[in-house]
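This is what each chain is made of:
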Amino acid sequence: MIETIDESIYDHPKYYDLVFGADVAAETKFILGCADQFCDHQARRFFEPACGTGRLVHSLVRKGHETWGLDLNPRAVDFCNARLSRHGYGHRVITADMCDFDKTDFASCVGLDRRRLRTAPFDVAFNTINSFRHVGTEKLAQAHFAAVARVIRPGGLYLLGIHLTPTKVAPSETESWSARRGSLSINTHMWTVAREPQKRLERFGIYFDIHTPRRSFRINDELHLRSYTAPQMRRTFLAGGHWDCIATYDFGYDLGYPIDVDATTEDVVYVLRRTG
C-alpha cells in the first residue's frame, strides 16, 4: 500500500510546480498576445496575484518582461524567489493576501522603480488557473477586484481564468493527468466530493502520486472552492465599477478563437479592462 501524507498540496511547491507546469508556454504566449491586442498602451509591467510557485512569473521574466507577484503561502513565495534569484532576477514576489494588498507592499521588490509606486505600477495582471475560487465570500471577491484595480493602470488588463459551474449540462466530475521532470514523475487525480450550490461551495479531492528512484508516496488533500455560474461571475467582476469584460476565451488559450460564455460553459478566461 502506498504511503499517504494528508497535507496541503500548496505546502509542496516542488511537486505543485511540476504538476501545474504543462501549460506554461501556451499561457505565456496568451498573456503577451492579450497585452498586445487589448491593452490601450504598451504593456511593460506584469503582475500575478496568487502566483503560487511563480511558474508564469519566471517564464515572463526569462523572456525579458518585467513581472512581479504575490502569494499567501510563504513556502511557495520562497520557492519562487529562490528560483528567480538562481537565475539572477532577484526577489520579485511578496507574501500577501490577494484580497488585501496595496502597491506600497511591493517596495522591497527588485526592479520596481519606487516612482512607479506613486501611481498604479502595473499594466497587465493575470490569474489563469482558478486560484480566484479560493476567495470564499462575495465581500472578499469584491475586495480582490478592487485591490487589483488599484495596481493596474487605467486601460490595463486583468486576465482571469476560472472553472464555472454550468447550469444546462452536467459539470465535469473527475480529471487526471501526469507530469515528469527527469527522474521525478507525478500522477494527479482530482474528483468532486460535494457540491453545495446554496452555500456556493464545491469540495474536491486531489492527490499527487509521486515517484522518485528512492521513494513512492501520495500527498492527499481536499480543496474548498467557491462556485460561480456565468451570471454570478459577471455580477461579481462588474459590481465595483473597476472592470469591463472585452473578450472571453477557453483554456486552449487561442486568441484566434474567442468564445461566448453561456449556461454550458465551464472553462473560461475573462479579459477584463481597467476602467477610468
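In what follows, the structure referred to is the one given above.
The written sequence of each chain sets the order in which its residues are numbered from 1. It should be noted that, the model being predicted, local features are given only for residues of pLDDT at least 70 and side-chain atom pairs only at 80 or more, the latter also being counted only at that level, while totals for whole chains, interfaces and linings use all residues. The side-chain figures draw on all heavy atoms in the structure; neither hydrogens nor water molecules are used.

Novice: Could you clarify how one ought to interpret the sheet that holds strand S7 (residues 174–181) in this entry?
Specialist: Strands pair in a sheet through their backbones, by hydrogen bonds, and they do so in one of two ways: parallel or antiparallel. Paired strands are those between which DSSP finds at least two bridges. What counts as a helix is a DSSP run of H or I of at least four residues, what counts as a strand is a run of E of at least two, and both are numbered from the N terminus. Spatial strand order, S1-S10-S9-S8-S7: five strands in an open sheet with mixed pairing. With one partner strand each, in any of the chains shown, strand S1 (3–6) and S7 form the two edges of the open sheet. Each adjacent strand pair in this sheet contributes to an overall mean axis angle of 20°, direction not counted. Bridge count between strand S9 (residues 201–211) and strand S10 (residues 216–226): 11 bridges; the pairing is antiparallel. From the neighbouring strand, Glu202 faces S10, where its bridge partner is Leu225. Axis definition: a line fitted to C-alpha atoms, over the contacting stretch in the case of helices. Angles run 0 to 180 degrees between N-to-C directions.

Novice: Sorry if this is basic, but what is going on with the nonpolar core here?
Specialist: The term nonpolar core refers to a set of buried residues drawn from Ala, Val, Leu, Ile, Met, Phe, Trp, Tyr and Cys, joined through side-chain atoms within 4.5 Å. Throughout this description, buried means an accessible area under 20% of the type-specific maximum (1.4 Å probe, protein chains only), exposed means over 50%, and partly exposed covers the range between. By size, the foremost hydrophobic cluster in this structure holds 36 residues, and its most contacted members are Phe101, Phe106, Phe132, Phe145 and Met233. When residues of this core are traced back to their parent elements, those giving at least two are strand S3 (66–71), strand S5 (122–127), helix H5 (138–151), strand S6 (152–163), helix H6 (230–239) and strand S12 (267–274). Counting residues per element, this core draws most heavily on H5, at six residues. It only takes one pair of heavy atoms within 4.5 Å for two residues to be counted as in contact. Ignoring any residue separated from it by four or fewer positions in sequence, one finds Phe101 in contact with Phe47, Leu70, Ala96, Phe106, Ala147, Val148, Arg150 and Val151. Among the nonpolar cores identified, the runner-up in size contains 21 residues, and Val24, Leu56, Val124 and Leu157 belong to it.

Novice: It is not clear to me how the packing of H5 against H6 should be interpreted in this structure. Could you clarify?
Specialist: When two helices pack together, their arrangement is given by the angle between the helix axes and the distance between those axes. Packing of H5 against H6 leaves a shortest axis separation of 8 Å and a crossing angle of 50°. In terms of orientation, H5 lies oblique with respect to H6. Seen from above, H5 lies across H6 with right-handed handedness. Along its contact with H5, which presents Glu138, Ala141, Gln142 and Phe145, the element H6 presents Met233, Arg235, Thr236, Phe237 and Ala239. Of the residues that constitute the contact of H5 with H6, the class distribution is five nonpolar, two polar and two charged. Reported orientations rely on four angle classes, namely roughly parallel under 35 degrees, roughly antiparallel over 145, roughly perpendicular from 65 to 115, and oblique for the rest. Crossing handedness follows the turn of the near helix against the far one: under a right angle anticlockwise gives a left-handed crossing, and clockwise gives a right-handed one. Each residue receives one of three labels: charged for Asp, Glu, Lys and Arg, nonpolar for Ala, Val, Leu, Ile, Met, Phe, Trp, Tyr, Cys and Pro, and polar for the others, Gly being one of them.

Novice: Mind showing me how you'd approach H6 here?
Specialist: Along an α-helix, a turn takes 3.6 residues, which lines up residues three or four apart on a common side. Among the residues making up H6, those that are buried are Ala230, Gln232, Met233, Thr236 and Phe237. Down the axis of H6, the smallest arc covering the buried residues is 160°, so these residues share one side. More than 90 degrees from the buried face of H6, the exposed residues found are Arg235 and Ala239. Buried residues in H6 make contact with H5, S6, strand S11 (243–249) and S12. Downstream of H6 by a residue or two, Gly241 has a phi angle that is positive, lying close to 75°. Directions drawn from the helix axis to the C-beta atoms are what define this arc.

Novice: I tried to follow the environment of Glu173 on my own but got confused; where do I start?
Specialist: Counting through the fold element by element, Glu173 comes out in the loop between S6 and S7. Judged by its relative accessible area of 40%, Glu173 falls in the partly exposed class. Along the chain, Glu173 and Leu184 lie 11 residues apart, while their C-alpha atoms are 27 Å from each other. Contacts of Glu173, omitting those with residues within four sequence positions, involve Met190, Trp191, Thr192 and Arg195. Here Thr192 takes part through its side chain, which lies 2.6 Å from a polar atom of the side chain of Glu173. Looking at Glu173, its side chain comes within polar contact range of the side chain of Arg195, at 3.4 Å. Two N or O atoms count as a polar contact when they lie within 3.5 Å, although within protein this holds only if one can serve as hydrogen donor and the other as acceptor, and sequence-adjacent residues are included solely when both atoms are side-chain atoms.

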